[in-house]
Amino acid sequence: MIDIKNVAMKFDLGIEKNFSFKQLFINILSFGVKKKKKSYFWALEDITFHVNRGEVIGLIGSNGAGKSTLLKVVSGVMKPTKGKVQVNGTIAPMIELGAGFDSELTARENIYLNGAVLGYQKDFLDRKFDEIVEFSELRDFLDVPVKNFSSGMVAKLAFSIATVVDPEILIVDEILSVGDIKFQEKSRNKMMEMIKGGTTVLYVSHSLESIEELCNRVVWLDHGHIKMQGDTKEVCEAYYLEQMGETMEESNRRRKKEKKEK
Amino acid sequence: MNTIKNIIGNFKHYSFLMQQLIARDFKVKYKRSVLGILWSLLYPILMMSVMAIVFSQMFKFRVEGVNYLVYLMTGLVMFNYFSEASNSAMTSVVNNFALMTKVYIPKYIFPIAKCLFVGINFMLTLIPLLAIILFTGNAAEGTKCVINVWYLLLPYVFISMIVFTMGLGLLLSCISVFFRDMFYIYGIVLTIWNYLTPVFYDVSILPDYARTIMNFNPLYIFITTARDIILYAKCPAPEMLLSCGLIALGTLLVGSFVFKKNQDKFIYYA
């Protein structure tokens, strides 16, 4: 279903200042004494794994480990620098909700706009319109511009649009907690329903609890590498131990070292 | 063959998104204005009136033997389309970075949608142009324009111009991702281009060398071809007609090629 082979992703850190007149000037003045500085960064390196149909794969790792980058590579937002990603089936990326919302437009108009951005077709949206509205609990505000919504309302609307599909592959970045308590519960259930409904899922979460509950297999990312993959329980345990076992002292030492490198 | 099939399938799949993006542009543009979409019609009419007064009454511009008002408006309407569409197509990719980093959308959609959106506005401006054609001019002086059979060629000329603009829009939007200074440079280029295109004057007032240069100005070719039909009621020279299509396709090919080559890198420059 999803085949990820030797994927690597390089980010150029120098892009911001690369091509400006100022930089050109500095380069001319300082020719010869050019300092070599590492100006790129591998967000992912040599990632290889395979996801079978119907499997629920959990992705764990600390902040900046490359989880979101990996999801973006799989969903096609980014092309990997090296390696290959092969995906068979329709993807519903729930990475960032409400992509393409226009705050000037009403909820009704945004349902169609955001739906189109997510790749839905018109007849599908026509059919599912009521379901979306019902789920979002925003029927009374359908013709209000989204800019007048509270952030919770926007999130509810976005979530309702994103989850109305029946995708073959579901990519979920931890977004379960939107809206008020009631909606949180509702959205959680909806997600669970989608995940358990037999679709293939790539699931990122910091909640080991939900990972253990849902996933068949877990991939642990660390600084862009796969540190460990396999059985949910084993990987989660190892991850937990490593995260919590890192004492204050160690982390301080590491931080100092990183500062020096900079 | 397969690639062509792919492209068409792709277009079909994303045509709804394209439609939505164009609809958004319309809605946002006229939100909260009293006259709303009427402005799409009213604005060009008023602009045309101002230009008509300035050039034919104050400056007393004229072109021998033709209805100057129609002459001016044909050029104006076409050049305005080009300048607005190419300019907004250029900024469209950078303006939609937020979207591109979140979900996968083929990136060419943005400049193309802009060119089509402005294209719809352009078609609306053809209505006042038609009114001018019908109701101005003097038959006794031979300056009355007549609707003729060659009008059937006009859609071809206009579509060529739009396709040319799309190609240029793809190219410009791609360049401006890596080189944001393009926004400002192109503003200047457009101004120069405007004066180098015979919108309100006739090429005959130019020195010879300038007239030679004119042949390399695609806008001159589109506008002249359209004027041949509208003003002189004659079939445009075949080489002019051919150039329209070739320029359009050539620019589109170059634009798409450059865009396709570079689109995967866009995201790093967001």
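Residues numbered from 1 in each chain as written. Chains lettered and ligands numbered in written order. Predicted model: local features only at pLDDT ≥ 70, side-chain atom pairs only at ≥ 80, totals over all residues.

**Student:** Hey, could you run me through the overall build of chain B in this one?
**Tutor:** Along chain B, the regular secondary structure elements total ten helices and zero strands. Starting at the N terminus, the α and β elements of chain B follow one another as α-α-α-α-α-α-α-α-α-α. Taken over the C-alpha trace, chain B has a radius of gyration of 20 Å; the compact-globule value for 270 residues is 18 Å, and the two agree within 12%. Each principal axis of the C-alpha distribution contributes one length, and for chain B these read about 65 × 45 × 35 Å. For chain B, the residues scored as buried account for 37% of the 270 residues in total. Taking contacts inside chain B between residues at least 6 apart in sequence as the whole, the part at least 24 apart equals 77%. (Helix = DSSP H or I, 4+ residues; strand = E, 2+ residues; numbered from the N terminus. Rg over C-alpha atoms; globule rule 2.2 N^0.38 Å. Buried ≥ 20, exposed ≤ 12 C-beta atoms within 10 Å, placed from the backbone. Contact = placed C-beta atoms within 7 Å.)

**Student:** Honestly, the overall build of chain A in this entry has me stumped. Any pointers?
**Tutor:** Secondary structure summary: chain A contains ten helices and nine strands in total. Taking contacts inside chain A between residues at least 6 apart in sequence as the whole, the part at least 24 apart equals 72%.

**Student:** Which parts of the structure should I look at to understand the confidence of the model for chain B?
**Tutor:** Confidence in the prediction for chain B averages 90 pLDDT; 99% of positions are at 70 or higher. Within chain B, no element has a lower average pLDDT than helix α1 (residues 2–30) of chain B, which sits at 85, and none a higher one than helix α6 (residues 154–178) of chain B, at 96. (pLDDT = per-residue confidence, 0-100.)

**Student:** Where do I start with the sheet that holds strand β9 (residues 225–231) of chain A in this structure?
**Tutor:** Two modes of strand pairing occur in sheets, parallel and antiparallel, and in both the strands are linked by backbone hydrogen bonds. Residues and elements named next belong to chain A. Pairing in this open sheet of six strands is mixed, and the strands run β5-β6-β7-β3-β8-β9 from one edge to the other. Each of the sheet's edge strands pairs with one partner strand only, and the pair in question is β5 (91–94) and β9. Neighbour-to-neighbour, the strand axes of the sheet open up by a mean angle of 15°, direction not taken into account. Pairing analysis gives four bridges linking strand β3 (residues 56–60) to strand β7 (residues 200–204), with the strands arranged parallel. Each bridged residue has a counterpart across the sheet, and for I57 the counterpart in β7 is L202. Taken strand by strand, helix α3 (residues 67–75) contacts β3, β5, β6 (169–173), β7 and β8 (217–222), and its axis lies near 155° from that of β6. Relative to β9, helix α9 (residues 232–245) is tilted by about 135°, and along the sheet it contacts β3, β8 and β9. (Pairing = 2+ DSSP bridges. Axes fitted to C-alpha atoms, helices over the stretch in contact; angles between N-to-C directions.)

**Student:** Which parts of the structure should I look at to understand the environment of L134 of chain B?
**Tutor:** Secondary-structure assignment places L134 of chain B in helix α5 (residues 109–135). Taking the C-alpha atoms as reference points, L134 of chain B and V146 of chain B, separated by twelve residues in sequence, lie 7.6 Å from one another.

**Student:** Explanation requested: the interface of chain A and chain B in the structure shown.
**Tutor:** By a widely used convention, the size of an interface equals the accessible area lost when the partners come together. Counting residues at the interface gives 25 residues for chain A and 18 residues for chain B. Sorting the residues of the side of chain A that touches chain B by element identifies β1 (2–12) and α4 (107–117) of chain A as the ones contributing at least two each. Of the residues in the side of chain A that touches chain B, the class split is 14 nonpolar, four polar and seven charged. (Nonpolar A, V, L, I, M, F, W, Y, C, P; charged D, E, K, R; others polar.)

**Student:** Just to check I follow, could you spell out the pairing of β9 of chain A for this structure?
**Tutor:** Looking along a regular strand, one sees the side chains alternate between the two faces of the sheet. Residues and elements named next belong to chain A. Of the pairings in the sheet, the one linking β8 to β9 comprises six bridges and is antiparallel in character. Paired with V218 across the bridge in β9 is G230. Count of turn residues in the β8/β9 antiparallel hairpin: two residues, of which H223 carries a positive phi of about 50°.

**Student:** Mind showing me how you'd approach the packing of α6 of chain B against helix α7 (residues 182–196) of chain B here?
**Tutor:** Packed helix pairs are specified by the crossing angle of their axes together with the interaxial distance, meaning the distance between the axes. Residues and elements named next belong to chain B. Between α6 and α7, the shortest axis-to-axis distance is 9 Å and the interhelical angle comes to 140°. Relative to α7, the element α6 lies oblique. Packed against α6, whose contacting residues are L172, I175 and S176, the element α7 presents M182, F183 and Y186 at the interface. Split into classes, the residues belonging to the contact of α6 with α7 amount to five nonpolar, one polar and no charged. (Parallel < 35°, antiparallel > 145°, perpendicular 65-115°, else oblique.)

**Student:** Would you mind going over the pairing of β7 of chain A with me for this structure?
**Tutor:** Residues and elements named next belong to chain A. Burial of β7 is extensive: five of the five residues sit out of reach of the surface. Here β7 shows a buried face lined by T200, L202 and V204 and a second buried face lined by V201 and Y203. Here β6 pairs with β7 via five bridges, running parallel. Residue pairing in the sheet places I169 in a bridge with T200 of β7.

**Student:** Can you help me understand the environment of M192 of chain A in this one?
**Tutor:** Residues and elements named next belong to chain A. In this structure, M192 sits in helix α7 (residues 181–196). With 14 C-beta atoms counted inside 10 Å, the residue M192 sits in the partly exposed group. C-alpha separation for the pair M192 and E213, spaced 21 residues apart in sequence, amounts to 10.0 Å.

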